[in-house]
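What the coordinates show
So you can see what is in the structure, the chains are spelled out below.
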2 protein chains.
Amino acid sequence: MRAIDIIRKKRDGEELSADELTFFCRGTAEQAIPDYQITAFLMAAYLRGMTDAETAALTIAMAGSGEQIDLSSIEGVKVDKHSTGGVGDTTTLVLAPLAAACGARVAKMSGRGLGHTGGTLDKLESIPGLSTRLSRDQFLAQVSRIGVAVISQTPTLVPADSRFYALRDVTATVDSIPLISSSVMSKKIAAGAQAIVLDVKTGRGAFMKTLEDSRRLAKSMVDIGRRLGRSVSAVITDMETPLGAFIGNALEVQEAIEILSGKHVGTPLWEVSLVLCGHLLALGNLAKTPAEGRVKAEAVLRSGAALEKLAEMIEAQGGDPRVAHDPGLLPQAGDRIEMRAPREGWCSGVDALDIGRAAMLLGAGRTKKEDVIDPAVGVVLAARAGQLLREGDLLATLHVNDRTSLGEARRFVERAFQWSDEPTGARPLVREVV
Amino acid sequence: MRAIDIIRKKRDGEELSADELTFFCRGTAEQAIPDYQITAFLMAAYLRGMTDAETAALTIAMAGSGEQIDLSSIEGVKVDKHSTGGVGDTTTLVLAPLAAACGARVAKMSGRGLGHTGGTLDKLESIPGLSTRLSRDQFLAQVSRIGVAVISQTPTLVPADSRFYALRDVTATVDSIPLISSSVMSKKIAAGAQAIVLDVKTGRGAFMKTLEDSRRLAKSMVDIGRRLGRSVSAVITDMETPLGAFIGNALEVQEAIEILSGKHVGTPLWEVSLVLCGHLLALGNLAKTPAEGRVKAEAVLRSGAALEKLAEMIEAQGGDPRVAHDPGLLPQAGDRIEMRAPREGWCSGVDALDIGRAAMLLGAGRTKKEDVIDPAVGVVLAARAGQLLREGDLLATLHVNDRTSLGEARRFVERAFQWSDEPTGARPLVREVV
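Residues numbered from 1 in each chain as written. Chains lettered and ligands numbered in written order. Predicted model: local features only at pLDDT ≥ 70, side-chain atom pairs only at ≥ 80, totals over all residues. Heavy atoms only, no water.

**Some points on the pattern of salt bridges**
All names here are of chain A. This structure, assessed with the given rule, holds 60 salt bridges over all chains. The residue Arg340 makes a salt bridge to Glu338 at a minimum N-O spacing of 2.6 Å. Owing to a relative accessible area of 43%, Arg340 belongs among the partly exposed residues under this scheme. A salt bridge links Arg343 to Asp421; the nearest nitrogen and oxygen atoms lie 2.7 Å apart. With Arg343 in the loop between β7 (335-340) and β8 (345-350) and Asp421 in the loop between β12 (417-420) and β13 (430-433), the pair connects residues that are 78 residues apart, well separated along the chain. For Asp421, a relative accessible area of 65% gives the class exposed. Taken together, the salt bridges that share partners define one network made up of Glu271, Arg294, Glu298 and Arg302. (Salt bridge = Lys/Arg side-chain N within 4 Å of Asp/Glu carboxyl O. Buried < 20%, exposed > 50% of the residue type's maximum accessible area, 1.4 Å probe, protein only. Helix = DSSP H or I, 4+ residues; strand = E, 2+ residues; numbered from the N terminus.)

Structure follows, in structure tokens:
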């Protein structure tokens, strides 16, 4: 078999066999295939598309290109969750301890992507002492013992995907449904969980801007998972406005802790976390239906058991568990700058992308892998879409250390707030379930 | 401007501007753009195609990526010729001295490609002492003095094309009309001639197998040349059977010398050489029409002036000019192995591809750049399509040094000859003029 023949076949729109995709992924992982052949293949796959069978075979091939985690030593239902990412998306920090407190076994590995704020790993690492670099054995032992661990993906997991991903980023081949869904699902498959809930974001602050694209991506990922014998559901949720009110790394940990402490009831982050947990419990046969799972999850949250589970997880990973009861122990920014309403009126929207850019400018995110994140900085929103505000009401507080780009960050926050002279309805939060 | 944005635009089927293509070609020539971005671009261009305006702009951009030869110091009409390549295609060795003897100024640079036999450079270099590595000044001086020079393309000519070409070869992006035509024409434009005749081969032994594809390629190249203010015609000629009867490097030089000496009148190579020369003379205003040009060319050939011109060129480039009158001075193979007709019947065809493969197996061609060519070896065909043969008649003579692959080479030659019990008409040689 030769790489060039596989490229030619995809170029001509023919369906590749599982053997061919396995050959290509293994050659990619083992550096036997050079970058320039990989990118020609990726562009051909981008433009020609891939069938559902090809996408599933590519997923298996990528998952098989490296280590695959065997969770069979852990008793109980092993669950996992993936979000396509958005602004103020702190659901993992709420959902992981909550699902564990509900009886599921949450064995979650995260990558360290680029974005307006850091990823889940960066958020967790803002907790003093906490490490996300556990060995495989430590990881399995922790999930067996306390039911939950969130660690950084090992470099031996899906090496083909790592190489594909880096090359897609520089060759305009990122936004391809089969390439995205096989990339996401290969990591989930290699990580070993049986039940997987997918949170597919839709809207301006999301990777997929339209409901139609979000639906296609959700369907593709669910199809792959089911073909590979996993229990998978996808929930399409709104990302026009930031999901949480706290955007930043330590700030998002704080919001998660507050939700697990019983605050912010009814807010979008609270709501989405419970919906996703309901689905996870249903997928894992810990509830009959997603609705029943949600009721169970809400009761567990109210009991305080999920907050205790978070404290256990923090302690197990070397962090200071007192943080769970006193978020003031998290890194704090030097300055807090309040931004107030310039006029009276109804807030008709808060643009997720603009708020994300503001957080990025304050130092909360990365544009390049090498960028250093400031865990303390970010934006806390005080006003929400649908509220009537008076001139001078608090809109947002910027948590600032480095003032270099402060002016620009302020302008983005100002621009993010949309105004109306009449009340406007809030957008539905959960758009569809696939 | 960024390479990724240009890739994205081509990916989405948008038309690239001349500025964008210039940026991309300059970045390619200067190594500022990495291989993996170039191949993503090439695959996008392959699958999305390019408009005529884009193809012309790409040609200018590639020609402008390196040195451009200024032929203005040479008096007279500067002409050039390109063939898309085939088996036994010795036209340059006939045409270059012939056109020069007719009064044109032939300033020809050749590349050193891969193929069943070597390229024009390899053929010329089989002449003892002859060099194709002239400096630019030597090249211009020789064309001014004797009217003809055929040298190797300098590495500073169209560096963007050189890099594109090497990458296309390994990423299944070779057979794209806009990429082929811009590659060919960029070299012709950079080499500076005003009048250019293109010999586009069609058939099994050619790169373009169908008349339709050959016509598209011819039209695209002629369109580019005319957009860039050059006088260009394309002649589409048959390549089902080898053009010349001699297939090999020194062997093809021998056939060219014999034609220039007045032999092989009416054979396909003789015919195509005269047709192409007629077009060149018409394009260069040295004849009113291609037909008048052809008549003039034939008269000059008969006069012996073209053979003398070849001898002058050989001598000017350091070779032994006695070769022009005594081809026996060319390298000779150690063995000559005759192959004879296994049956009586009409020869209905001689497959160009099979004969090419046989020559390659005997050592006449290259599969990799590093391969060393044996100038002496090859195949001389004694029988032609349309002839009635008796059992035992001579079909071909193999000129052999290394017998390693002799058996396989013999089988290819046997297979090449097609038989019929009834007379079959010969295919037309010149299919179309564009």
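Structure shown, so let's carry the discussion forward.
**Details of the interface of chain B and chain A**
Between chain B and chain A, the residue contacts involve 20 residues of the former and 20 residues of the latter. Both sides together, the interface formed by chain B and chain A hides about 1,700 Å², and carbon and sulfur atoms give 72% of it. Three residues, Arg11, Tyr36 and Leu47 of chain B, lead the burial of chain B against chain A; their summed loss comes to 35% of the area buried on that side. For the pair chain B and chain A, the number of links is two salt bridges. Between Asp175 of chain A and Arg11 of chain B there is a salt bridge, with the nearest N and O atoms lying 3.4 Å from each other. Viewed at the interface, chain A and chain B are joined by eleven residue pairs in polar contact (both at pLDDT 80 or more). (Contact = heavy atoms within 4.5 Å. Buried area = accessible area lost by both parts, 1.4 Å probe. Polar contact = N/O pair within 3.5 Å; in protein donor to acceptor, adjacent residues only side chain to side chain.)

**Observations concerning the sheet that holds strand β10 (residues 388-389) of chain A**
All names here are of chain A. One open sheet accounts for three strands, arranged β10-β8-β12; its pairing is antiparallel. Of all strands in the sheet, those with a lone pairing partner are β10 and β12, marking the two edges. The strands touched by helix α16 (residues 406-416) are β8 and β12; relative to β12, the strand with the most contacts, the crossing angle is about 30 degrees. (Pairing = 2+ DSSP bridges. Axes fitted to C-alpha atoms, helices over the stretch in contact; angles between N-to-C directions.)

**Remarks on unusual backbone geometry**
Residues and elements named next belong to chain B. One non-glycine residue, Gln31, lies in positive phi territory at about 65 degrees. As for its placement among the helices and strands, Gln31 is situated in the loop between α2 (18-29) and α3 (35-48). With a relative accessible area of 55%, Gln31 lands in the exposed category. One non-glycine residue with positive phi stands out, namely His264, at about 55 degrees. Relative to the helices and strands, His264 resides in the loop between α11 (249-260) and α12 (268-283). Given the relative accessible area of 25%, His264 is considered partly exposed.

**Some details on the side chain of Arg11 of chain B**
By the secondary structure assignment, Arg11 of chain B is in helix α1 (residues 3-11). Residue classification places Arg11 of chain B among the buried positions, given a relative accessible area of 5%. Leave out the neighbours within four places in its chain, and Arg11 of chain B touches Met43, Tyr46, Leu47, Ala172 and Asp175 of chain A together with Ala44 and Arg48 of chain B.

**Things to note about the relation of the copies chain B and chain A**
The transformation that overlays chain B on chain A combines an axial shift of 0.0 Å with a rotation of 180 degrees, and the residual RMSD is 0.0 Å. Here the transformation between the copies is reduced to the relation of a two-fold axis. Minimal C-alpha separation from the rotation axis in chain B is found for Tyr36 of chain B, amounting to 2.0 Å. Most of the interface of chain B is mirrored in chain A, where 100% of its interface residues again form contacts. (Least-squares fit on C-alpha atoms with pLDDT ≥ 70 in both.)

**Focus: the domain arrangement of chain A**
What the domain assignment reports for chain A is domain 1 (3-49), domain 2 (78-324) and domain 3 (331-420). Put simply, the middle of domain 1 of chain A and the middle of domain 3 of chain A, counted by C-alpha atoms, are 43 Å apart. (Domains from an automatic or database assignment.)

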